[in-house]
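Each chain, letter by letter, is given below.
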Amino acid sequence: MKRTIEMITMTLIIIVVAAFVGSTLMGCESDDDSIIATGDFCVRDVANSGCKSSSHTRSEYPEYFEFKACDGGYLSVNHVNAMFNCAPGELKIEATIDGNVIKILETEETSLANCVCPYDLYCEVGPLSNGDYKVVIYHGSFEIPTRQFSITYNKRLNAKYEVTYEN
């Protein structure tokens, strides 16, 4: 009888610990797969505008990034007029953080079309503490960064950075 009670107690302890660990690891989890978690840091509310206008050259619309503070220590990242092919399949955003460096990867599922489109890509990353961060943008893979920005995260953050290209 005493052994049975000990086994039940041990089983309950294991279940409680497993539930706690599972809920901690899945703190940014959601049923709609729009949230990608890495420890406490996660990407949420990933969205895109769809193709805004198809052409065979870079858009005449200005490309820029907007960074804004959101509730709960999250940073909204809006990449306006990001250029991808006009039939990209799924556009994805992944992000990681290493110290004060936030790395954001934008990818397209396929790149077989012979035309390009501007898209607006949006996500929120965090949670972040107040402080200085470097945001590094990657296109296609985490190998070569395409853009880097310095931001100071606080509740008043509302910054816009225009992208320029050399001829």
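On a predicted model such as this, the values are computed, not experimentally measured, just so you know.

Rules and cut-offs
- Per chain, residues are indexed from 1 in the order of the written sequence.
- Totals for whole chains, interfaces and linings use all residues, but because this is a predicted model, local features are given only for residues with pLDDT of at least 70 and pairs of side-chain atoms are given and counted only at 80 or more.
- Values shown for side chains rest on all heavy atoms present in the structure; no hydrogens or waters enter the calculation.
- Known as pLDDT, the predictor's per-residue confidence is scaled from 0 to 100.
- Note on conventions: DSSP H or I runs of at least 4 residues are helices, E runs of at least 2 residues are strands, and numbering of each starts at the N terminus.
- Whether two residues are in contact is decided by their heavy atoms, any of which lying within 4.5 Å being enough.
- Salt bridge, as applied in this entry: a Lys or Arg side-chain nitrogen positioned within 4 Å of an Asp or Glu carboxyl oxygen.
- Three exposure classes are used, based on accessible area relative to the maximum for each residue type with a 1.4 Å probe and protein chains only: buried under 20%, partly exposed in between, and exposed over 50%.
- Disulfides are defined in this document as cysteine sulfur pairs within 2.5 Å.
- Should DSSP find at least two bridges between two strands, the strands are taken to pair.

A.B. asks: Can you explain the confidence of the model for the chain? Please cite residues and give values.
C.D. replies: Note: predicted coordinates in regions of low pLDDT should not be interpreted at a detailed level. Overall, the prediction assigns the chain a mean pLDDT of 81, with 74% of residues at 70 or greater. Looking at the elements of the chain, mean pLDDT is at its lowest for helix 1 (residues 2-25), recorded as 44, and at its highest for strand 3 (residues 64-69), recorded as 98. Counting contacts from residues 11-27, a segment whose pLDDT is below 50, to residues more than four positions away or on other chains yields 0 contacts.

A.B. asks: Requested: an account of unusual backbone geometry, with residues and values cited.
C.D. replies: In this chain, G126 is followed by P127 through a cis amide linkage whose omega measures 0 degrees. Within the fold, P127 resides in the loop between strand 7 (116-126) and strand 8 (131-139).

A.B. asks: Lay out the pattern of salt bridges with the relevant residues and their values.
C.D. replies: Oppositely charged side chains may form a pair once their charged atoms are brought near each other. A complete count under the given rule lists 2 salt bridges for this structure. Of the charged contacts, one joins R44 and E124 as a salt bridge, the two residues approaching to 2.8 Å between their closest N and O atoms. Of this pair, R44 sits in strand 2 (residues 41-48) while E124 sits in strand 7, and the two are 80 residues apart along the sequence. Residue R44 is classed as partly exposed on the basis of its relative accessible area, which comes to 21%.

A.B. asks: Tell me about the state of the cysteines, and please be specific about residues and values.
C.D. replies: Summed over all chains, the structure comprises 2 disulfides. For C51, the disulfide goes to C117, at an S-S distance of 2.0 Å. Across the S-S bond linking C51 and C117, the dihedral sits near -70 degrees, which makes this disulfide left-handed. With C51 in the loop between strand 2 and strand 3 and C117 in strand 7, this pair connects stretches of sequence that are 66 residues apart. Disulfide pairing places C86 opposite C115 at an S-S distance of 1.6 Å. With C86 in the loop between strand 4 (75-85) and strand 5 (91-98) and C115 in the loop between strand 6 (101-108) and strand 7, this pair connects stretches of sequence that are 29 residues apart. The exposure class assigned to C115 is buried, which follows from its relative accessible area of 15%. The thiol sulfur of C70 is not disulfide-bonded, and the nearest other cysteine sulfur, from C123, lies at 9.8 Å. On the basis of relative accessible area, C123 is assigned to the buried category, the value being 1%.

A.B. asks: Account for the pairing of strand 4, naming residues and giving values.
C.D. replies: A regular strand places its side chains on the two faces of the sheet in alternate fashion. Among the 11 residues in strand 4, 11 count as buried, and that is most of the element. Here strand 3 folds back onto strand 4, and the loop between the two strands holds 5 residues, one of which, G72, carries a positive phi near 75 degrees. The pairing of strand 4 with strand 7 spans 9 bridges and is antiparallel. Each bridged residue has a counterpart across the sheet, and for N85 the counterpart in strand 7 is V116.

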